[in-house]
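Here is how the chains run, residue by residue.
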Amino acid sequence: MFSFKEYTQELFATFILIIALIALRMIVAKLIRRFASSSQLLEHRTNLVIKYIHILMNILVAISLIVIWGVNTEDIFLTVSSIATVIGVAMFAQWSILSNITSGMILFFSFPFRIGDTIKIHDKDFPIEAEIEDINTFHISLRTKEGEKIIFPNNLLLQKGISIMPAHYEEKEFFD
């Protein structure tokens, strides 16, 4: 029969860990939102970064709970290494997805350009000059002067030279 007295330490540690997770998630989200508002970053990009960090925190808490409840650490390392091997083999074929996600995170934090900027991508085979319409996790959406929509992968965006073109203002005569 189940007795709470047998598992008092584990229950207490689990309770403390869950409270710490909730508090840490709120603090991290608030810090990221503060950084994003001071940097004038977009809301959906901010939410995406918060989501990724929360997933990482949840994984760490799950591993901690496994340790707290007495699973043998050798079994944990064996399981984690097996999972990492399977994911590594599966992701080898999908390296571009990971590369685009990582590039999206780099673009979020370094943010060399913004939506609405006109950029020129220096590619000897296919040079592009277009306005940025949206920046997503995997790609950036561009619109050329001719109206052509181009979806450009984030990892290629970091590999190519990019010029941010100055804003073109029409010179008009103003009369009083």
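Bear in mind the structure is a predicted one, so any value in this text is a computation, not a measurement.

*Asks:* Describe the overall build of the protein, and please don't skip the residues or the numbers.
*Replies:* Looking only at helices and strands, one finds five helices and five strands in the protein. For the protein, the N- to C-terminal ordering of α and β elements is α-α-α-α-β-β-β-β-α-β. Summarising the internal contacts of the protein: among those between residues at least 6 apart in sequence, 54% fall at separations of at least 24. Total accessible area on the protein is roughly 12700 Å²; 65% of this is exposed by carbon and sulfur atoms.

*Asks:* Any details on the sheet that holds strand 3 (residues 139–144)? Residues and values, ideally.
*Replies:* Read from one edge to the other, the open sheet built from five strands follows the order 4-3-2-1-5, with strand pairing classed as antiparallel. This sheet does not close on itself; its edge strands, each paired only once, are strand 4 (149–153) and strand 5 (161–165). Geometrically, the sheet is characterised by an average inter-axis angle of 40° between neighbouring strands, direction not taken into account.

*Asks:* So what's going on with the layout of surface pockets? Which residues, and what values?
*Replies:* Considered as a void within the structure, the largest pocket measures approximately 190 Å³ in volume. Lining the largest pocket we find Leu56, Ile59, Leu60, Ala62, Ile63, Ile66, Ile76, Thr79, Val80 and Ile83. At the level of secondary structure, the elements contributing two or more residues to the lining of the largest pocket comprise helix 2 (43–68) and helix 3 (73–92). Examining the composition of the lining of the largest pocket, we find that six residues originate from one element, helix 2, more than from any other. For the lining of the largest pocket, the per-class residue count stands at nine nonpolar, one polar and no charged.

*Asks:* I'd love a proper account of the pairing of strand 4, names of residues and values included.
*Replies:* Because side chains alternate across strand 4, one face comprises the buried residues Ile150 and Phe152, and the other comprises Lys149, Ile151 and Pro153, none of which is buried. Sheet topology note: the strand 3/strand 4 ladder contains five bridges and is antiparallel. Pairing of Ser141 across the sheet is with Ile151, part of strand 4. The turn joining strand 3 and strand 4, which pair antiparallel and follow one another in sequence, is formed by four residues; a positive phi near 95° is taken by Gly147.

*Asks:* Account for a nonpolar patch on the surface, naming residues and giving values.
*Replies:* Taken together, Phe12, Phe15, Ile16, Ile18, Ile19, Ile22 and Met26 make up a surface patch of nonpolar side chains, about 720 Å² in accessible area. By the element assignment, Ile16 lies in helix 1 (residues 8–38). Judged by relative accessible area, which is 42%, Ile16 ranks as partly exposed.

*Asks:* Residues and numbers for the environment of Arg25, please.
*Replies:* Following the sequence through the fold, Arg25 ends up in helix 1. Taking the C-alpha atoms as reference, Arg25 lies 6.6 Å from His54; in sequence the two are 29 residues apart. Here Arg25 is in contact with His54, Met57 and Asn58, once residues within four sequence places are set aside. In this structure the side chain of Arg25 is engaged in a polar contact, spanning 3.1 Å, whose partner is the side chain of His54.

*Asks:* Talk me through the environment of Leu17; I want residue IDs and the actual numbers.
*Replies:* Mapped onto the secondary structure, Leu17 falls in helix 1. Residues Leu17 and Ser64, 47 residues apart in the sequence, show an inter-C-alpha distance of 8.3 Å.

Conventions used here
Throughout this document, residue positions are counted from 1 along each chain, in the order its sequence is written. With the structure being a predicted model, the display of local features is reserved for residues of pLDDT at least 70 and the display and counting of side-chain atom pairs for 80 or more, all residues being used for whole-chain, interface and lining totals. Excluded from the side-chain calculations are hydrogens and water; all other atoms, namely the structure's heavy atoms, are used. Put simply, DSSP H or I for four residues or longer makes a helix, DSSP E for two residues or longer makes a strand, and each gets a number counted from the N terminus. In what follows, residue pairs with any heavy atoms lying within 4.5 Å of each other are defined as contacts. Surface accessibility in these figures is a Shrake-Rupley result with a 1.4 Å probe; residues are shielded only by whichever protein chains are displayed. Between any two strands, at least two bridges found by DSSP are needed for them to pair. Axes here mean lines fitted to C-alpha atoms, for a helix over just the part in contact, with angles spanning 0 to 180 degrees between N-to-C directions. A cavity, in this analysis, means grid points on a 1 Å lattice covering only the protein atoms where a 1.4 Å probe fits yet has no way out; a pocket is instead an open set bounded by protein on both sides within 12 Å along at least five of seven lines, and a residue lines either one if it has an atom within 4 Å of a point. Grid points are joined across faces, edges and corners, and a volume is the space filled by probe spheres set on the points. The nonpolar class holds Ala, Val, Leu, Ile, Met, Phe, Trp, Tyr, Cys and Pro. Asp, Glu, Lys and Arg form the charged class, and all remaining residues, Gly among them, are polar. Only protein chains enter the accessibility calculation, which uses a 1.4 Å probe. A residue is then buried if its area is under 20% of the maximum for its type, exposed if over 50%, and partly exposed in between. Excluding any residue in a salt bridge, patches collect residues exceeding 30% relative accessible area, merging like charges within 9 Å and nonpolar Val, Leu, Ile, Met, Phe, Trp and Tyr side chains within 5 Å. Think of a salt bridge as a Lys or Arg side-chain nitrogen and an Asp or Glu carboxyl oxygen that are within 4 Å of each other. Any N or O atom pair separated by 3.5 Å or less is treated as a polar contact, with the protein-specific requirement of one donor-capable and one acceptor-capable atom, and with residues adjacent in sequence counted only for side-chain atom pairs.

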